[in-house]
Amino acid sequence: MSDDIKQLKDAEQAQAEATATGRRNKDDKMSWGFGLVLIAVGSLFLLSNFTGFRLNNWWALFILIPAFGSLGNAWHVYRSRGRMTGEAAGSLVGSLAIFFTAAVFLFGWNWGAVWPFYLVIAGLGALVSGMFD
């Protein structure tokens, strides 16, 4: 009976350590991401101050938030499953479409000229959906 209790306590301690480690790793990843965002924004302001570079549609940077979220989801699914799956590929293709939308606004491209790129993205999505899972 005492062996059973010892095994249960050991299992509980191992679970607590795994939970604490997982929480610490998640916080580390969040601080890395936040740090990289601050570096990127600061670099854009420095570039603007020291050169003639102007970002007229700066609000389009907010479109990149869901793009990076989708890209992060693709990476998480890939890492957790150990291989590319349909879910990871779908998130990757979705983030590509969002990144392109942000680029159109940021660089002031003509929608009439670049809309076929969305057909290319849709075609890539159709191709990769059949390749995985």
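Residues numbered from 1 in each chain as written. Predicted model: local features only at pLDDT ≥ 70, side-chain atom pairs only at ≥ 80, totals over all residues. Heavy atoms only, no water.

(A) Expanded view of the overall build of the chain. Of the regular secondary structure elements, the chain holds five helices and zero strands. Buried positions account for 16% of the 133 residues belonging to the chain. Relative to all contacts within the chain whose residues are 6 or more apart in sequence, the contacts with residues 24 or more apart total 53%. Looking at the chain as shown, the accessible area adds up to about 10100 Å², and 67% of this sits on carbon and sulfur atoms. (Helix = DSSP H or I, 4+ residues; strand = E, 2+ residues; numbered from the N terminus. Buried < 20%, exposed > 50% of the residue type's maximum accessible area, 1.4 Å probe, protein only. Contact = heavy atoms within 4.5 Å. Areas by Shrake-Rupley, 256 points an atom, 1.4 Å probe, with all protein chains shown as cover.)

(B) Layout of the pattern of salt bridges. Under the counting rule described, the total for this entry stands at one salt bridge. Glu 87 serves as the salt-bridge partner of Arg 81, at 3.5 Å between the closest nitrogen and oxygen. (Salt bridge = Lys/Arg side-chain N within 4 Å of Asp/Glu carboxyl O.)

(C) Structural detail: the packing of helix 2 (residues 64-81) against helix 3 (residues 86-107). Following both chains from N to C, one finds helix 2 and helix 3 inclined at 160°, their axes separated by 8 Å at the closest point. The pairing of helix 2 with helix 3 is recorded here as roughly antiparallel in orientation. Both helix 2 and helix 3 take part in a crossing whose hand is left-handed. Contact residues: helix 2 offers Leu 64, Pro 66, Ala 67, Phe 68, Ser 70, Leu 71, Asn 73, Ala 74, Val 77, Tyr 78 and Arg 81, while helix 3 offers Glu 87, Ala 88, Ser 91, Leu 92, Gly 94, Ser 95, Ile 98, Phe 99 and Ala 102. In terms of residue class, the contact of helix 2 with helix 3 is made up of 13 nonpolar, five polar and two charged. (Axes fitted to C-alpha atoms, helices over the stretch in contact; angles between N-to-C directions. Parallel < 35°, antiparallel > 145°, perpendicular 65-115°, else oblique. Left-handed = near helix turned anticlockwise from the far one by under 90°. Nonpolar A, V, L, I, M, F, W, Y, C, P; charged D, E, K, R; others polar.)

(D) Representation of the nonpolar core within the structure. In this structure, Ala 89, Val 93, Ala 97, Phe 100, Val 104, Val 114, Ile 121 and Val 128 together form the largest nonpolar core, which totals eight residues. Put simply, the parts of the chain that give this core at least two residues each are helix 3 and helix 5 (116-131). Ranked by residues supplied to this core, first place goes to helix 3 with five residues. Among all residues touching Ala 97, those that are not within four sequence positions of it are Tyr 118 and Ile 121. (Core = buried A, V, L, I, M, F, W, Y, C linked by side-chain atoms within 4.5 Å.)

(E) Seen up close, the environment of Ser 91. Looking at the secondary structure, you find Ser 91 in helix 3. On the basis of relative accessible area, Ser 91 is assigned to the buried category, the value being 10%. Put simply, Ser 91 and Gly 72 are 19 residues apart on the chain and 8.5 Å apart in space, counted from C-alpha to C-alpha. With sequence-adjacent residues up to four places away left out, Ser 91 is seen in contact with Ser 70, Asn 73 and Ala 74.

(F) Expanded view of a nonpolar patch on the surface. A surface patch of nonpolar side chains, amounting to about 560 Å² of accessible area, comprises Trp 58, Trp 59, Leu 61, Phe 62 and Ile 65. Looking at the secondary structure, you find Trp 59 in the loop between helix 1 (2-50) and helix 2. The exposure class assigned to Trp 59 is partly exposed, which follows from its relative accessible area of 39%. (Patch = residues over 30% accessible without salt bridge, like charges linked within 9 Å, V, L, I, M, F, W, Y side chains within 5 Å.)

(G) Molecular detail of the environment of Ala 74. With respect to the helices, strands and loops of the structure, Ala 74 is situated in helix 2. Residue Ala 74 is classed as buried on the basis of its relative accessible area, which comes to 7%. For Ala 74 and Ser 95, which are 21 residues apart along the polypeptide, the C-alpha to C-alpha distance reads 8.9 Å. Ala 74 has contacts with Ala 88, Ser 91 and Leu 92, leaving out every residue within four places of it along the chain.

(H) A look at the packing of helix 3 against helix 5. Packing of helix 3 against helix 5 brings their axes to within 9 Å, and their N-to-C directions diverge by 175°. As far as their axial angle goes, helix 5 and helix 3 are roughly antiparallel. Judged by residue contacts, Ala 89, Val 93, Leu 96, Ala 97, Phe 100 and Thr 101 of helix 3 engage Phe 117, Tyr 118, Ile 121, Leu 124, Gly 125 and Val 128 from helix 5. Among the residues making up the contact of helix 3 with helix 5, the classes are represented as ten nonpolar, two polar and no charged.

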